[in-house]
Amino acid sequence: MAIDIKTMFFLGLAVVLTGVGKSAFIGKSHSGGKDDPVLQYIVNNSLREHPVLTKLRLAGVENKIDVRQEIAMKTLDELIAAGEAGTYDFVFIDADKLNYDRYYEKSLELIRTGGIIAIDNVLWSGKVVNPAPSDLTSQALDALNKKLHKDQRIDLSMLPVGDGLSIVIKR
């Protein structure tokens, strides 16, 4: 999930230029725990604050951000169940690649018409062109890229920035 500086700069620019308000970032912790990522995060980082939270606190904006460290699908389902569908301006997806399609569908529910979904790592070091039969991650990204290309609900642009970034605008 390590996003490169060019991609982050582009996303920051897009957020500023579009005047984005409500945003969601779907990411994965690098804590290494697969069974319980929140517990694993606490165990691995119990004596220090997460660097992102530190930066938000120092910037004085932590009260404007709802940080949820739990399974992404659970959070997305909770937001939709709470009536948040169609209220988000921007969603950034950079998490476990096998669930990208599920994150995309939930994000499409969350964003308003004209809202943006940015999906990172869509080129996956070129492995998506002819994914090996044993490479489930590349196959999942290839399937998502093909789905996005045919999806009539969106306008799409794939940028060769970093490891590939798709910009999806909901029609």
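A quick note: this is a predicted structure, and the numbers were derived from the prediction, not measured.

Calculation criteria
- Residues numbered from 1 in each chain as written.
- Predicted model: local features only at pLDDT ≥ 70, side-chain atom pairs only at ≥ 80, totals over all residues.
- Heavy atoms only, no water.
- Helix = DSSP H or I, 4+ residues; strand = E, 2+ residues; numbered from the N terminus.
- Contact = heavy atoms within 4.5 Å.
- Areas by Shrake-Rupley, 256 points an atom, 1.4 Å probe, with all protein chains shown as cover.
- pLDDT = per-residue confidence, 0-100.
- Buried < 20%, exposed > 50% of the residue type's maximum accessible area, 1.4 Å probe, protein only.
- Pairing = 2+ DSSP bridges.
- Right-handed = clockwise from strand over helix to strand, strands pointing away.

**So, the overall build of the protein chain**
Summing up its helical and strand segments, the protein chain has 6 helices and 5 strands in all. Nonlocal contacts in the protein chain, meaning residues at least 24 apart in sequence, comprise 64% of its contacts between residues at least 6 apart. Accessible area of the protein chain: about 10,200 Å², with a carbon and sulfur share of 59%.

**So, the confidence of the model for the protein chain**
For the protein chain, mean pLDDT is 79; residues scoring 70 or higher make up 66% of the total. Per-element mean pLDDT across the protein chain ranges from 43 in helix α2 (residues 37–45) up to 97 in helix α6 (residues 136–150). Note that residues 29–34 has pLDDT below 50 and, in this model, 9 contacts with residues that lie over four places away or in other chains. pLDDT under 50 marks residues 36–47. Its contacts with residues more than four places away, or in other chains, come to 14 contacts.

**Observations concerning the pairing of strand β3 (residues 111–120)**
β3 sits mainly inside the fold: 7 of its 10 residues count as buried. When strand β2 (residues 88–94) meets β3, the two strands line up parallel, connected through 5 bridges. The residue of β3 that forms the bridge with tyrosine 88 is isoleucine 111. Taking the sense of rotation as the criterion, the β-α-β connection linking β2, helix α5 (residues 100–110) and β3 turns out right-handed.

**With respect to unusual backbone geometry**
Phi is positive for tryptophan 124, which is not a glycine, with a value near 45 degrees. A relative accessible area of 23% places tryptophan 124 in the partly exposed class. In this structure, serine 125 takes a positive phi of about 55 degrees despite not being glycine. Within the element layout of this structure, serine 125 appears in the loop between β3 and α6.

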